[in-house]
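Residues per chain, in single letters:
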Amino acid sequence: AKFVAIPSYSMSVIASTKCVAILFFIVISILSFSSPPAFSHPAFDVKDGLKALVKGDLDSAESFLQKARLEESDSYVVNYDLGIVSYRKRDYAKSIRFFARASELSKTPDQQFDAFYNMGNAAFKSYDFAEAVNAYKNALAIKKDDYKADYNLKVAEKKLQEMLERQKKEQEQQQQQQNQDQKD
């Protein structure tokens with residue numbers, strides 16, 4: 001067996017390499033326990049947002065999804081889910097905007113249908129029956145035989161017609177009152 005002597009400078013290089021490696025692992029360990037990680041992916045925020053939504057924690061769901069939206073503003077999923085959260089929070093105007101954006105970002109007919117259908121529901125809840133009719137018609141242009149969208153369209157059209165008739169009657173009454181005031 002032949003013995004090979006290692007020069008002393010090599011031992012110091014090996015020792016300093018071990019120190020650097022130990023220091024590296026200490027830094028990585030400290031960073032891994034910091035919260036939240038600076039390099040988190042928006043998908044984690046979406047996942048956490050959906051978990052919060054399922055639990056009924058709408059504020060947390062909205063917070064996680066808004067955070068994901070900062071990174072992925074052109075995501076169908078993020079905009080659609082924010083529409084759901086806004087709808088459940090009864091912020092129908094915001095919900096309509098998110099569903100409209102989701103409909104623009106949809107990649108499949110089913111996604112676009114869902115966005116239009118839910119936009120119609122939000123518009124109906126906000127008493128914007130004209131917008132609801134438009135959204136349901138857009139949904140039915142994609143899925144012609146969807147009975148829920150068809151039913152909702154008919155209800156929204158009826159409500160819109162009633163609202164227009166009520167407005168017309170109120171205008172006529174105002175006009176009559178003005179005419180009566182001018183005679184007196």
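Below or above, wherever it landed, is the structure these notes cover.

Rules used throughout
- Residues numbered from 1 in each chain as written.
- Predicted model: local features only at pLDDT ≥ 70, side-chain atom pairs only at ≥ 80, totals over all residues.
- Heavy atoms only, no water.
- Axes fitted to C-alpha atoms, helices over the stretch in contact; angles between N-to-C directions.
- Helix = DSSP H or I, 4+ residues; strand = E, 2+ residues; numbered from the N terminus.
- Parallel < 35°, antiparallel > 145°, perpendicular 65-115°, else oblique.
- Left-handed = near helix turned anticlockwise from the far one by under 90°.
- Contact = heavy atoms within 4.5 Å.
- Nonpolar A, V, L, I, M, F, W, Y, C, P; charged D, E, K, R; others polar.
- Buried < 20%, exposed > 50% of the residue type's maximum accessible area, 1.4 Å probe, protein only.
- Salt bridge = Lys/Arg side-chain N within 4 Å of Asp/Glu carboxyl O.
- Phe/Tyr/Trp six-rings, centres within 6.5 Å; stacked < 30°, edge-to-face > 60°.
- Lys NZ or Arg CZ within 6 Å of the ring centre and 35° of its normal.

Quick look at the packing of helix H7 (residues 129–142) against helix H8 (residues 147–183)
And step 1. At their nearest, the axes of H7 and H8 sit 9 Å apart, and the two run at 155 degrees to each other. Accordingly, the angle class assigned to the pair H7 and H8 is roughly antiparallel. The way H7 lies across H8 gives a crossing that is left-handed. For the pair formed by H7 and H8, the contact residues are Phe-129, Ala-130, Ala-132, Val-133, Tyr-136, Lys-137 and Leu-140 on the first element and Ala-149, Asp-150, Asn-152, Leu-153, Ala-156, Glu-157, Lys-159, Leu-160 and Met-163 on the second.
And step 2. Its residues assigned to classes, the contact of H7 with H8 comprises eleven nonpolar, one polar and four charged.

Regarding unusual backbone geometry
And step 1. Phi is positive for Arg-90, which is not a glycine, with a value near 65 degrees.
And step 2. Examined against the element boundaries, Arg-90 turns out to sit in the loop between helix H4 (76–88) and helix H5 (92–105).
And step 3. Despite not being glycine, Tyr-127 shows a phi value in the positive range, around 65 degrees.
And step 4. Since its relative accessible area comes to 63%, Tyr-127 is described here as exposed.

What to know about the pattern of salt bridges
And step 1. Applying the stated criterion across every chain yields a total of eight salt bridges.
And step 2. A salt bridge links Asp-91 to Lys-94; its shortest N-O distance comes to 3.9 Å.
And step 3. Given a relative accessible area of 31%, Asp-91 falls into the partly exposed group.
And step 4. Judged by relative accessible area, which is 24%, Lys-94 ranks as partly exposed.
And step 5. The partner of Asp-150 in a salt bridge is Lys-154, with the nearest N and O atoms 3.1 Å apart. Of this pair, Asp-150 and Lys-154 both sit in helix H8, four residues apart, which is roughly one turn of that helix.
And step 6. Taking the relative accessible area as the measure of exposure, Lys-154 reaches 52% and is therefore exposed.
And step 7. Overlapping salt bridges bring together Asp-59, Glu-62, Lys-89, Asp-91 and Lys-94 as one network.

Considerations on the packing of aromatic side chains
And step 1. Inspection of every chain in the model, using the stated rule, returns seven aromatic pairs.
And step 2. Ring centres of Tyr-127 and Phe-129 lie 6.1 Å apart, and the angle between their planes is 85 degrees; this geometry places the pair in the edge-to-face category.
And step 3. Its relative accessible area of 7% is what places Phe-129 among the buried residues.
And step 4. A network of ring pairs unites the aromatic residues Tyr-76, Tyr-80 and Phe-99 as a single cluster.
And step 5. A cation sits over an aromatic face here: Lys-143 above Phe-113, 4.6 Å from the ring centre.

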